[in-house]
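Commentary on secondary and tertiary structure
In case you want the letters, here they are:
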Amino acid sequence: MEVTGFRRWIVVITAVSAAILELIDTSIVNVGITQMAGNLGVTIEDISWVVTSYAIANVIVIPMTGFLQNYFGRKNYYIASIILFTLASYGCGIAGDLWTLVFFRFLQGIGGGALLSTSQGIMYDVFPPSQRPIASAVFGMGIVLGPTIGPTLGGYIIDNYHWSWMFFINVPVGALAVYLTSTYVQKQPNEYNIDRGKISIDQLGILLLAVGVGSLQYVLERGEADDWFDSKAILVLSVLAVVTIPLFIWWELRTKDPVMDLKVLRNRNLALSSILVFVVGYGLFTSVLLFPLFAQRIGGYTATQTGELLIPGGVITLFIFPIVGRSLAKGVSPRLFVTLGYFAFMTFCFLMSTYNADASNGDYTIALLIRGAGLALVNAPLINQSISTLHPRDLPTGIAFTNMVRQLGGAFGVAITNTYITQRTAVHRMDMVSHLQDGDPATVDRLTALTQGLAAKGVNALEALQGAYRTMDLLISRQALMTAYLDTFRLAGTFFVLTLPLLLLLKPKKMDPAAAKAAADAAH
């Protein structure tokens, strides 16, 4: 039965809201790390497990959603995942110690992986084939707005309430989503008579996927904090990833009923689009991490003020997404939008690399508006382009793979960003210190001014001189950190520049009606 009118938009709101919830929770805790660590009495390094556990669970579950939906039925699996996500969110909120919180965050990540994956298939269900690009555009809003809203919402909660409310706010939304899904989301015909006895379970494939991708995610998330290969855990898990991921690929290519049919990557559009999706995931999550750090540590903004800066970019994203969706439905080439989005994101990265501590609200707003436009232009068209030439039976695997790649791109971006900032800060600091010479007029004048300023406040001569040296050291460290941030923005822009030529290799084919209809049955 076709879903139309009010019922269609209830389903749309339910699916998009669930996807946004999952993506918000990938970034909402980032701004509350310090407060959570202090409240639980642990170090910043320990509390980072709250982020790592969620990401590991997420990236393991996402590629398996196609199989899990076929086995349990999509609607049943979706409702169970929302319930798990909601209960785990409550568990996170009441957690009284670190490892209880980490445990519930892992469960939250398992449930959340299905929210992102299954919502897209549900979205396709309620739109006719000719309007599926609109569905992609609406769903794309959730992909972009989730990580953008996360720091904004998290900053507001941290500045005004206890950190536990970052998790408690999921509970009423999750409960409403369960009700709306059970009431309005229809089962697919194949869900009514599932014979699980006839469904082969690729147990070895699931094991290799969980170990390989989970190990890789851990290494990317924890590498910088644990000094990379100086850590035995990082070394062991790196070896595990290097061994099990190729084994997983080999096994999936030869087994009869793979948990993830990798033969689909023979499709040129999917293979090339996956690289582009990886870079977009890198850019999205890197900017979500890097911009708040720059604004707060260099610009001196509070968490709430930083969140408010992100709002205009989110608004323009909401404005542009429907335009892109309607244009795609009318036959405009997806490659055109992806190219424009790529150039917009490159502009954002290189523009941010020119800012300094004196950058104004207006400077930040211009850059973030460009970023918002770029993300709106690139996401939905790239999703459509990646699966436009797939056979209908390959759509579930194709969409699952692109979502997994996006998450891995984000993890890679965070790992690269943290490592690069640390290394470049050390390089710039060493360079600045090497230029400080005894007797250098500029250095002497600055130390004298700092010393006199402290003396004028009643500090004795010796302590004023020591204070001047400490202040000089802090100024050098801040300048080195700022320059490292600018280098990192420039690096992100370079990734977009290097992969831009791949757009020329994509086949500019619009998704045919048969493939579009099959997308409704995609287990994603």
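Provided above is the structure to which this section pertains.
With that out of the way, let us pick up the overall build of the chain. Along the backbone of the chain there are 20 helices and zero strands. For the chain, the proportion of its 524 residues judged to be buried stands at 56%. Of the roughly 21900 Å² that the chain leaves accessible, carbon and sulfur atoms contribute 65%.

With that settled, the discussion passes to the side chain of Ser231. By the secondary structure assignment, Ser231 is in the loop between helix 11 (203–222) and helix 12 (232–254). Look at Ser231 and you get buried, because its relative accessible area is 13%. A polar side-chain atom of Ser231 sits 3.4 Å from the main-chain amide nitrogen of Ala233.

Per the stated rule, a full pass over the model turns up two salt bridges. Arg424 is the salt-bridge partner of Asp487, the closest N and O atoms lying 3.0 Å from each other. Residue Asp487 is found in helix 19 (residues 461–499), and its partner Arg424 is found in helix 17 (residues 395–434); the two are separated by 63 residues along the sequence. Under the relative-accessibility criterion, Arg424 is labelled partly exposed at 25%. The exposure class assigned to Asp487 is buried, which follows from its relative accessible area of 10%.

The next subject is the packing of helix 6 (residues 74–94) against helix 10 (residues 170–184). Two numbers describe how helix 6 lies on helix 10: the axes approach to 9 Å, and their chain directions differ by 165°. What the angle tells us is that helix 6 and helix 10 run roughly antiparallel. As for the relative orientation of helix 6 and helix 10, their crossing is left-handed in sense. Counted together, Lys75, Tyr78, Ile79, Ile82, Ile83, Phe85, Thr86, Ser89 and Tyr90 of helix 6 and Asn170, Val171, Gly174, Ala175, Ala177, Val178, Thr181 and Ser182 of helix 10 form the full contact between these two elements.

Now for the packing of aromatic side chains. With the rule as written, the count across this model stands at 18 aromatic pairs. Summarising the aromatic geometry, the rings of Tyr282 and Phe495 are spaced 4.6 Å apart at their centres and angled 45° between planes, so their arrangement reads as tilted. Of this pair, Tyr282 sits in helix 13 (residues 268–297) while Phe495 sits in helix 19, placing them 213 residues apart in sequence. Look at Tyr282 and you get buried, because its relative accessible area is 1%. An aromatic cluster is present here, built from Phe291, Phe294, Tyr301, Tyr342, Phe345, Phe348, Tyr355, Tyr364, Tyr485, Phe489 and Phe496 joined pairwise through their rings.

Two elements in contact, helix 13 and helix 15 (residues 334–352), have axes whose closest approach is 12 Å; the angle formed by their N-to-C orientations is 30°. One element, helix 13, and the other, helix 15, form an angle in the roughly parallel class. Viewed along their axes, helix 13 and helix 15 form a crossing whose handedness is left-handed. Across the interface between the two elements, Leu276, Val279, Val280, Gly283, Leu284, Ser287, Phe291 and Phe294 from helix 13 touch Tyr342, Phe345, Phe348 and Met352 from helix 15. Each residue belonging to the contact of helix 13 with helix 15 can be placed in one class, and the counts come to 10 nonpolar, two polar and no charged.

Turning to helix 2 (residues 33–40), its buried residues number three or more, namely Ile33, Met36, Ala37 and Leu40. All buried residues of helix 2 lie within an arc of 100° about the axis, which places them on one face of the element. Of the exposed residues in helix 2, the ones pointing more than 90 degrees away from its buried face are Thr34 and Gly38. Note on helix 2: the residue one or two positions beyond its end, Gly41, has a positive phi of about 70°.

Residues Phe229, Leu235, Val239, Val242, Val243, Leu247 and Trp250 make up a contiguous nonpolar surface patch of roughly 690 Å² in combined accessible area. Within the secondary structure layout, Val239 lies in helix 12. Taking relative accessible area as the criterion, Val239 reaches 48% and is therefore assigned partly exposed.

So, on to the nonpolar core. In this structure, Phe291, Phe294, Tyr342, Phe348, Met352 and Tyr364 are the most contacted members of the largest nonpolar core, which totals 72 residues. Per element, the largest residue contribution to this core is 13 residues, and it comes from helix 13. In this structure Met352 touches Phe291, Phe294, Tyr364, Ala367, Leu486 and Phe489, once residues within four positions along its chain are discounted. In terms of nonpolar packing, the next biggest core, distinct from the first, is built from 41 residues, Val11, Ile47, Leu98 and Ala177 among them.

With respect to the helices and strands, Ser353 occurs in the loop between helix 15 and helix 16 (361–387). Among residues more than four places away in sequence, those in contact with Ser353 are Leu486, Phe489 and Arg490.

The next subject is the environment of Val414. Mapped onto the secondary structure, Val414 falls in helix 17. Between the alpha carbons of Val414 and Val288 there is a distance of 9.5 Å; along the sequence they are 126 residues apart. Apart from residues no more than four positions distant in its own chain, Val414 is found in contact with Thr286 and Leu289.

So, how was this worked out
Every chain is numbered independently, its residues counted from 1 as its sequence is written. Thresholds applied to this predicted model are a pLDDT of at least 70 for local features of residues and 80 or more for the giving and counting of side-chain atom pairs; totals over whole chains, interfaces and linings are not thresholded and use all residues. The side-chain values count all of the structure's non-hydrogen atoms but skip hydrogen atoms and water molecules. The helix and strand labels rest on DSSP assignments: H or I over at least four residues marks a helix, E over at least two residues marks a strand, and numbering proceeds from the N terminus. Throughout this description, buried means an accessible area under 20% of the type-specific maximum (1.4 Å probe, protein chains only), exposed means over 50%, and partly exposed covers the range between. Surface accessibility in these figures is a Shrake-Rupley result with a 1.4 Å probe; residues are shielded only by whichever protein chains are displayed. Polar contacts, as counted here, are pairs of nitrogen or oxygen atoms within 3.5 Å of one another; within protein the pair requires one atom able to donate a hydrogen and one able to accept it, and residues that are adjacent in sequence qualify only if both atoms are side-chain atoms. By definition here, a salt bridge exists when the distance from a side-chain nitrogen of Lys or Arg to a carboxyl oxygen of Asp or Glu is within 4 Å. Comment: axis = line fitted to C-alpha atoms, over the contacting stretch for helices; angle = value between 0 and 180 degrees taken between N-to-C directions. Orientation labels follow simple angle bins: below 35 degrees gives roughly parallel, above 145 gives roughly antiparallel, 65 to 115 gives roughly perpendicular, and whatever is left gives oblique. The sense of a crossing depends on the near helix, which, turned anticlockwise from the far helix by less than a right angle, makes the crossing left-handed and, turned clockwise, makes it right-handed. Pairs of residues are marked as contacts when any of their non-hydrogen atoms sit within 4.5 Å. Planes of paired rings set the category: under 30 degrees apart is stacked, over 60 is edge-to-face and the rest tilted, where pairs are Phe, Tyr or Trp rings (Trp by its six-membered ring) whose centres lie within 6.5 Å. Each residue is assigned to one of three groups, with Ala, Val, Leu, Ile, Met, Phe, Trp, Tyr, Cys and Pro labelled nonpolar, Asp, Glu, Lys and Arg labelled charged, and all others, Gly among them, labelled polar. Think of it as the arc spanned by the lines of direction from the helix axis to the C-beta atoms. Each patch is built from residues that are more than 30% exposed by relative accessible area and take part in no salt bridge. Like charges join if they lie within 9 Å; nonpolar side chains (Val, Leu, Ile, Met, Phe, Trp, Tyr) join within 5 Å. To form a nonpolar core, buried Ala, Val, Leu, Ile, Met, Phe, Trp, Tyr and Cys residues must be joined to one another through side-chain atoms within 4.5 Å.

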